Amino acid sequence: MQPVQPELAEVKGVLWMPRADFAALPSARFARMSEKLLALAPARTPADLAPSS
């Protein structure tokens, strides 16, 4: 599998947002994309992000 390379000429802008906000965008396309992203990388809790001792 090759790494994904963005087509920079097609990128109009980027915005970070919570997953729930992304899934709630007014298009079924975004909801499906959100489900696929969640399957790839489940949500992490603050405990997951804490440094290990």
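The structure presented is a predicted model; accordingly, all values stated were derived computationally and were not measured.

Definitions and limits used
Residues numbered from 1 in each chain as written. Predicted model: local features only at pLDDT ≥ 70, side-chain atom pairs only at ≥ 80, totals over all residues. Heavy atoms only, no water. pLDDT = per-residue confidence, 0-100. Helix = DSSP H or I, 4+ residues; strand = E, 2+ residues; numbered from the N terminus. 1 Å grid on protein atoms, 1.4 Å probe; cavity = no way out; pocket = protein on both sides within 12 Å on 5 of 7 lines; lining within 4 Å. Points joined across faces, edges and corners; volume = space filled by probe spheres on them. Nonpolar A, V, L, I, M, F, W, Y, C, P; charged D, E, K, R; others polar.

Notes on the confidence of the model for the chain
Then comes step 1: Per-residue confidence for the chain gives a mean pLDDT of 77, with 79% of residues at or over 70.
Then comes step 2: The least confident element of the chain, judged by mean pLDDT, is helix α3 (residues 46-49) at 66; the most confident is helix α2 (residues 28-40) at 80.

As for the layout of surface pockets
A probe matching the size of a water molecule, rolled over the atoms, marks out where space remains unfilled.
Then comes step 1: Of the pockets and cavities examined, the largest pocket occupies roughly 410 Å³.
Then comes step 2: If you trace the largest pocket, you find it lined by Gly13, Val14, Leu15, Trp16, Met17, Pro18, Arg19, Phe22, Ser34, Leu37 and Leu38.
Then comes step 3: Counting residues per element, the ones that place at least two in the lining of the largest pocket are α1 (19-23) and α2.
Then comes step 4: Tallied by class, residues from the lining of the largest pocket come to eight nonpolar, two polar and one charged.

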